[in-house]
Amino acid sequence: MAQTLSADMVSVAFEGLRALSDVTLEIPAGRVTGLIGPNGAGKTTCVNVLTGFQKPSAGRVLLDGRDIGGLPAHRVRQAGIARTFQSGRLFADLTVHENLEVTGVGLGLSRRESARKADAMLDWIGISPLADRLAGGLPYTDERRVAIGRALMLEPAFLLLDEPAAGMSAEEADDLSRLIHRITNEVKCGVLLIEHNVGLVLSTCHEIYVLDSGAIIESGTPEAIKASEKVRHAYMGTQADEEGEIL
Ligand SMILES: Nc1ncnc2c1ncn2[C@@H]1O[C@H](COP(=O)(O)OP(=O)(O)OP(=O)(O)O)[C@@H](O)[C@H]1O
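Since the model is a prediction, treat every value here as computed from it, not as a measurement.

A. Examining the overall build of the protein chain more closely. Within the protein chain, the regular secondary structure consists of nine helices and 10 strands. Whereas a compact globule of 247 residues would reach a radius of gyration of roughly 18 Å, the protein chain reaches 18 Å, a difference of no more than 12%. Taking the principal axes of the C-alpha coordinates as reference, the protein chain spans close to 55 × 40 × 35 Å. Burial status across the protein chain gives 51% buried among its 247 residues. Here the analysis covers contacts within the protein chain between residues at least 6 apart in sequence; of these, 65% occur between residues at least 24 apart. Carbon and sulfur atoms make up 48% of the accessible area of the protein chain, which totals about 11300 Å². Between the averaged position of the 24 positive side-chain charges in the protein chain and that of its 33 negative side-chain charges there is a distance of 7 Å.

Shown next as structure tokens:
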């Protein structure tokens, strides 16, 4: 299993707009890495580059040192990098179980093997009671957990989660945090967590990168990020409270 996914001086330009400028970050296996930043900072673009949905205009995406920056998304997925989207992107007309099953079949497993693997995954995540529900009718928060299950069916070395806690209550976000730690501890995946819920990122991640206007302005432990003037400044007028705290 690959040990490190990294961006090395990655830039992305959209018709003159520089969405990412010389971004360098590292996602190690078995750890939770956070990526935060105000609206439009470039977080989703960063995930898109790391997963082959967006080609970098400059720089490299490295999987254990091998440049995968130009590969199409399906090849990046085959290399062991899975993601979820801000919108769940489940097959609405299929059941939860079928949503996972088709991923297994897509990997070349037989229907029976895939069904067994889907059962085990739903059980591991703790959502077996949802198995026969149509994915299209699920509440937002259940949809997120199913999307994580579907991504884990790929047995990825790295899992990139794009705003998985959006719309969740504090209790649901705590459950998600526990699930993410089980993923790094038991599956040994490296996780990149992109979130607007800064509290969740601070309490869940080992290391955090902060993007502002397409550039990494700070990185470090949750304690270091909390204490950073630069981060506080970037969040002024958004999530900062009156004293300029980011929480
Ligand atoms: N396909 C695109 N074409 C043109 N501009 C784009 C495209 N995708 C993103 N952008 C722009 O790039 C910048 C970064 O966008 P991005 O969605 O990566 O930010 P974000 O940090 O994920 O934002 P949010 O927190 O609001 O989801 C924004 O100015 C956005 O408008």
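B. Layout of helix α3 (residues 96–106). Listing the buried residues of α3 in full gives Val96, His97, Asn99, Leu100, Glu101, Thr103 and Gly104. Those residues of α3 hidden inside the fold are in contact with α4 (111–125) and α5 (140–152). Positive backbone phi, approximately 100°, marks glycine 108, located one or two places after α3.

C. Structural view of unusual backbone geometry. For aspartate 64, which is not a glycine, the phi torsion comes out positive at approximately 50°. Within the secondary structure layout, aspartate 64 lies in the loop between β4 (58–63) and β5 (66–67). A positive phi angle, near 50°, is found at glutamate 163, a position not held by glycine. Locating glutamate 163 in the fold gives a position in the loop between β7 (158–162) and α6 (170–187).

D. Expanded view of the site of the ligand. In the region of the ligand, 14 residues are neighbours, and Gly42, Lys43, Thr44, Thr45 and His196 sit closest. Here an oxygen atom of the ligand sits 2.6 Å away from a polar atom, N or O, in the side chain of threonine 45. Here the ligand has 640 Å² of accessible area as a free molecule, and 60% of this is covered by the chains. Going through the elements one at a time, β2 (17–28) and α1 (43–50) are the ones with two or more residues in the shell around the ligand. Of the residues that constitute the shell around the ligand, the class distribution is five nonpolar, seven polar and two charged.

E. Molecular detail of the sheet that holds strand β3 (residues 32–36). In space, the six strands of this open sheet follow the order β6-β7-β8-β3-β9-β10, with mixed pairing throughout. Each of the sheet's edge strands pairs with one partner strand only, and the pair in question is β6 (81–83) and β10 (215–220). Each neighbouring strand pair of the sheet contributes to a mean axis angle of 20°, computed without reference to strand direction. Pairing of β3 with strand β8 (residues 190–194) involves four bridges; the strand directions are parallel. Along β8, the bridge assignment pairs valine 32 with valine 191. Strands β3, β6, β7, β8 and β9 (207–212) of the sheet are contacted by α1, whose axis makes an angle of about 150° with β8. The sheet contacts of α5 involve β6 and β7, and relative to β7 the element is tilted by about 160°.

F. Layout of α4. Over its 15 residues, α4 runs 21 Å from end to end, which matches the ideal 21 Å to within 8%, given 1.5 Å per residue. If you check which residues of α4 are buried, you get Ser114, Ala115, Lys117, Ala118, Met121, Leu122 and Ile125. End-on, the buried residues of α4 take up no more than an arc of 165°, which puts them together on one face. Exposed side of α4, more than 90 degrees from the buried face: Arg112, Arg116 and Asp123 are the residues found there. Taken together, the buried residues of α4 touch α3, α5 and α6. Backbone geometry just downstream of α4 places glycine 126 in the positive-phi region, at approximately 90°.

Basis of the calculations
Residues numbered from 1 in each chain as written. Predicted model: local features only at pLDDT ≥ 70, side-chain atom pairs only at ≥ 80, totals over all residues. Heavy atoms only, no water. Helix = DSSP H or I, 4+ residues; strand = E, 2+ residues; numbered from the N terminus. Rg over C-alpha atoms; globule rule 2.2 N^0.38 Å. Buried < 20%, exposed > 50% of the residue type's maximum accessible area, 1.4 Å probe, protein only. Contact = heavy atoms within 4.5 Å. Areas by Shrake-Rupley, 256 points an atom, 1.4 Å probe, with all protein chains shown as cover. Lys, Arg positive; Asp, Glu negative; His and termini not counted. Charge placed at Lys NZ, Arg CZ, Asp CG, Glu CD. Near = heavy atom within 4 Å. Polar contact = N/O pair within 3.5 Å; in protein donor to acceptor, adjacent residues only side chain to side chain. Nonpolar A, V, L, I, M, F, W, Y, C, P; charged D, E, K, R; others polar. Pairing = 2+ DSSP bridges. Axes fitted to C-alpha atoms, helices over the stretch in contact; angles between N-to-C directions. Expected span 1.5 Å × (residues − 1). Arc of directions from axis to C-beta.

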